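What follows is each chain in one-letter form.
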Amino acid sequence: GEHPPWRAARSRALRAALQGRSATMAAASKSAATDEAATRFTVELEFVQTLANPFYLHYLAQNRYFDDDAFVRYLKYLCYFKEPQYAKYLVYPHCLHMLDLLQAASFRKQLAHRAFAEHVHTQQVFYWRSYRANRIGES
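Numbering of residues starts from 1 in every chain and runs along the sequence as written. Selection of residues for local features in this predicted model requires a pLDDT of at least 70, selection of side-chain atom pairs for listing and counting requires 80 or more, and totals for whole chains, interfaces and linings are taken over all residues. In computing side-chain values, all of the structure's heavy atoms are included and hydrogens and water are not.

Pairing of aromatic rings covers Phe, Tyr and the six-membered ring of Trp, with a centre-to-centre limit of 6.5 Å; geometry is then stacked below 30 degrees between planes, edge-to-face above 60, and tilted otherwise. Taken as a whole and judged by the stated rule, the model has 16 aromatic pairs. Note on Phe81 and Tyr86: the rings are 6.5 Å apart at their centroids and 70 degrees apart in plane angle, and the pair reads as edge-to-face. Type-normalised accessible area, obtained with a 1.4 Å probe on protein chains alone, sets the label of each residue: buried when under 20%, exposed when over 50%, and partly exposed for intermediate values. The exposure class assigned to Phe81 is buried, which follows from its relative accessible area of 0%. Residue Tyr86 is classed as partly exposed on the basis of its relative accessible area of 29%.

Turning to the side chain of Gln124, a few remarks are in order. Only DSSP runs of H or I reaching four residues or more are called helices, and only runs of E reaching two or more are called strands; each is numbered from the N terminus. Looking at the secondary structure, you find Gln124 in helix α7 (residues 114-138). Contact between two residues is taken to exist if any of their heavy atoms lie within 4.5 Å; hydrogens are not considered. Setting aside anything within four residues of it in sequence, one finds Gln124 in contact with Ala52, Pro54, His94 and Met98.

This is the structure:
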């Protein structure tokens, strides 16, 4: 037996609908993954910039975050912000210098002392005060 023509048409329509649904689901899945990646980037961008604050670093040291190997690895991971395609989003680029300093265990250990955090902050202020003059001198 031969099948009636409407049956073949219905099968084609069903296949087309399923393919369309599959494409829609794939697009939705891709969109969700894109949203998740954008959210993760935003959270990491905000966090890495908090590292520009020596008093926040002191807080992290006081609360033993730097004793956690996973947290130290996370700081290493965040170094991707030094790449130009990511660094362009930073409002506080000084965080990259702090991120470099945080790679050293000795710096992380010193941050537990309030006087050291204050010293780092003072050095930041001196840098910011002389930055423009230093840049003019370079030209």
